[in-house]
Number of protein chains: 2
Amino acid sequence: MTTRSTSSPVGLHRVLEPTGDAATLPQAARRLDARPELWPDEVRIDVETLNLDAASFRQLAEKHSSDGIVDGDAVRTEVLQIIAERGKMQNPVTGSGGMLIGTVAEVGPESPTGLQVGDRVATLVSLSLTPLAITDGLERWDGRCEQVPARGHAILFGRTIAARIPEDLDPRLSLMVMDVCGAPALVERVVQDYTSGRIGDGTPPTVAVLGGAGKSGSLSLAAARRAGAGRLIAVVPIERERDLLVSTGLADEVVIADARSPLGLSRAVERAGGPADVTVVCVDVPGCEQPAILATSQGGTIIFFSMATSFAAAALGAEGLASDVRMLIGNGYVPGHADLALDLLRSNPRVRALFESRLEPNGG
Amino acid sequence: MTTRSTSSPVGLHRVLEPTGDAATLPQAARRLDARPELWPDEVRIDVETLNLDAASFRQLAEKHSSDGIVDGDAVRTEVLQIIAERGKMQNPVTGSGGMLIGTVAEVGPESPTGLQVGDRVATLVSLSLTPLAITDGLERWDGRCEQVPARGHAILFGRTIAARIPEDLDPRLSLMVMDVCGAPALVERVVQDYTSGRIGDGTPPTVAVLGGAGKSGSLSLAAARRAGAGRLIAVVPIERERDLLVSTGLADEVVIADARSPLGLSRAVERAGGPADVTVVCVDVPGCEQPAILATSQGGTIIFFSMATSFAAAALGAEGLASDVRMLIGNGYVPGHADLALDLLRSNPRVRALFESRLEPNGG
């Protein structure tokens, strides 16, 4: 096996297939080198739990089901096979991965991550690009849920992001928050663009959050408020979510509307004091692009966080409506995003209560 | 038939199916009302030529081919059928339309478009949302090319964009320019964000244009230069395009690289003076998202104009690389975009020569 002598901060040196002219980044690679020995800028993690992403686990469970009964042994066998063959946990059908929790075992002398041996961390990048080896045969996992107790090791590259799990919070709360922490960080930045006058004349912007009662939506509302937004409008699909959100006071107006309905959404936002200067799309269903564009004022900004967003529907939709809006792809990475989101949770009892309600059975 | 008594600037009043709670915008509608009578803010066009979009024509031609011979009569019959059934020319398989050229026949008293009877115009929005009726059976069309001589009428809504076809330019040149005019307009705006200090400290940004020899790419280079960009890097896939572009002087550096290759692209841009502060993606092939991200500096901006862009690949790609970049969906509409692009062509003999070379046989 040929080994690159120098490492790349994005992990190119761990890509085993394809190589040469067709070389890809680790996420697109068929196979990674998961050897435990570190290049100088890497970190090795002792794995504790894998969290398979929802789409991946659903595909595996459905594949290995008969009469609605999941064959957990078969799911476990396939997961072990994938990791052994690919050197990472990337579902070959969905392409997705998940994240992991573990403890820092070794830190390379040139690691820029600031992590220390013994830190308990969660990775904030996908398992689909993280070199991984399993040593316990996943014997403590029944193959029937997304949380996988595991022993083995994983590798972080120079630029791989991982966050220390805070000791003052229920780890399940922290993980929920970290999972969506890119949204409030980017919303804060955009609202500050407005309040500082970098965009517009410094007037606090009216902000509408579609899916305001969800995890990324409620944190986005809290972030917009703290960053100095003007009127805050939350859009939710059903009464239960409206009642929940009204009780928190996170938004000035909470309205019920179908975010896929152009007329329904734009009228609801208008009645609540819109159109919005900044519209934040946190609704994970297809077809919200043109409605979001219609609900946003000319010269306004739309931030798409939903993975169901269609690039073409947004681009052609704005053109078809002659709508001069700035449309941002919600980058999941903003420096300091995990700390910012955890701080919002700590400092805002209403956000915290909303998240804690999700820990309870049937909590949403 | 129930008729809305008031019109909507985005054409909701012309949607016949679906209606009620499921009502959509004209682009997503199954059927539009193409009656020639105008609502007060509308404009009626006498149609001269339909330009079917490339994806739509290819699908129709392949469907009605045997042994590589296109049955033009069958293609024409299907196009007539689509228009008659849907009240618009929207290919049901590709979802796409095209644009049209015609002459303004009537202007409603409340039309905000500024058009006048007799103006020769091109629509800058898709046929997929434009009410259309054909009266000549497309008898002058052989069904074998994308340009369709046609008689009939089309309707522009209050907010539908159309541009007068200039008299001083070959109409084919004007149409080529108008087809991609959103790109230079948005590039100009973003570069001015940098030079004015709204982003960064006012230093002229290094701009890389992927696909710099193409129509949108070359206009983007010219727009960036005029807006005060610093170093201009053009990336092209092959030597012929490099030689063509070097001769125009539109870029400071022209480099050959595969925009799908993360390492290949980022190294090429780096050698040419990168990474880029602003990366403009005009390459219509999938898989350019992570390469573009790697070629862009931290804190930089990427504008995606390619319809082959994957929203998820961009969002997850930036997260996976821990890359703090601002990613914009290339909105095809910016006020004044057609005039700006035509002006770039008129004032820049090099851009003009590049476009004129496309009019020649085998001109690209």
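Note that this is a predicted model, so its numbers are computed, not measured.

1. A closer look at the pairing of strand E16 (residues 296–304) of chain A
Residue and element names in this part refer to chain A.
- For E16, a buried count of seven out of nine residues is recorded, marking the element as mostly surrounded by other parts of the structure.
- For the segment spanning strand E15 (residues 276–281), helix H8 (residues 289–294) and E16, crossover handedness is right-handed.
- One ladder, built from four bridges, connects E16 with strand E17 (residues 326–329); its direction is parallel. Bridge pairing links Ile302 to Met327 in E17.
- In the classification by handedness, the crossover that spans E16, the intervening helix H9 (residues 311–320) and the parallel E17 is right-handed.

2. A word on the relation of the copies chain B and chain A
- Mapping chain B onto chain A is achieved by rotating through 180 degrees and translating by 0.0 Å along the same axis, at an RMSD of 0.1 Å. Such a combination of turn and shift is consistent with a two-fold rotation axis.
- Of the interface residues in chain B, 98% have counterparts in chain A that sit at the interface too, so the contact is made through matching surfaces.

3. Section: unusual backbone geometry
- The omega angle of the peptide bond from Glu17(A) to Pro18(A) is -10 degrees, so this bond is cis rather than trans.
- Checked against the element boundaries, Pro18(A) lands in the loop between strand E1 (15–17) and strand E2 (31–32).
- With a phi angle near 50 degrees, Ala322(A) is a residue other than glycine that sits in the positive phi range.
- Following the sequence through the fold, Ala322(A) ends up in the loop between H9 and E17.
- The phi torsion at Asp67(B) lies on the positive side, around 55 degrees, for a residue other than glycine.
- The residue Asp67(B) is located in the loop between strand E4 (65–66) and strand E5 (69–70) in this model.
- Asp67(B) sits in the exposed class, given a relative accessible area of 80%.

4. Topic: the domain arrangement of chain A
- Domain parsing of chain A yields domain 1 (12–165) and domain 2 (182–354).
- The C-alpha-based centres of domain 1 of chain A and domain 2 of chain A are spaced at 32 Å.

5. Some remarks on the pattern of salt bridges
- One pass over the full model with this rule turns up 42 salt bridges over all chains.
- Notably, a salt bridge pairs Asp168(B) with Arg346(B), separated by 2.7 Å at the nearest N-O pair. One end of the pair, Asp168(B), is in the loop between strand E11 (162–164) and helix H3 (171–179); the other, Arg346(B), is in helix H10 (residues 337–347), with 178 residues separating them in the sequence.
- Looking at Arg346(B), the relative accessible area reads 35%, which means it is partly exposed.
- Overlapping salt bridges bring together Glu17(A), Arg30(A) and Arg31(A) as one network.

6. Things to note about the interface of chain B and chain A
- Taken together, the contact pairs 46 residues of chain B with 45 residues of chain A.
- In this assembly, chain B packs against chain A so that about 4300 Å² is buried in total across both faces, 63% of it on carbon and sulfur atoms.
- Remark: the boundary between chain B and chain A carries two salt bridges.
- With its nearest N and O atoms 3.0 Å apart, the salt bridge here joins Asp324(B) to Arg189(A).
- Our count for the contact surface shared by chain B and chain A stands at ten residue pairs in polar contact (both at pLDDT 80 or more).
- Residue assignment for the side of chain B that touches chain A shows that the elements contributing at least two residues are helix H7 (262–271), helix H8 (289–294), strand E16 (296–304), helix H9 (311–320) and strand E17 (326–329) of chain B.
- Among the elements that line the side of chain B that touches chain A, the one with the most residues is H9(B), at nine residues.
- Among the residues forming the side of chain B that touches chain A, the class breakdown is 27 nonpolar, twelve polar and seven charged.

Rules of the game
- Residues numbered from 1 in each chain as written.
- Chains lettered and ligands numbered in written order.
- Predicted model: local features only at pLDDT ≥ 70, side-chain atom pairs only at ≥ 80, totals over all residues.
- Heavy atoms only, no water.
- Buried < 20%, exposed > 50% of the residue type's maximum accessible area, 1.4 Å probe, protein only.
- Helix = DSSP H or I, 4+ residues; strand = E, 2+ residues; numbered from the N terminus.
- Right-handed = clockwise from strand over helix to strand, strands pointing away.
- Pairing = 2+ DSSP bridges.
- Least-squares fit on C-alpha atoms with pLDDT ≥ 70 in both.
- Contact = heavy atoms within 4.5 Å.
- Domains from an automatic or database assignment.
- Salt bridge = Lys/Arg side-chain N within 4 Å of Asp/Glu carboxyl O.
- Buried area = accessible area lost by both parts, 1.4 Å probe.
- Polar contact = N/O pair within 3.5 Å; in protein donor to acceptor, adjacent residues only side chain to side chain.
- Nonpolar A, V, L, I, M, F, W, Y, C, P; charged D, E, K, R; others polar.

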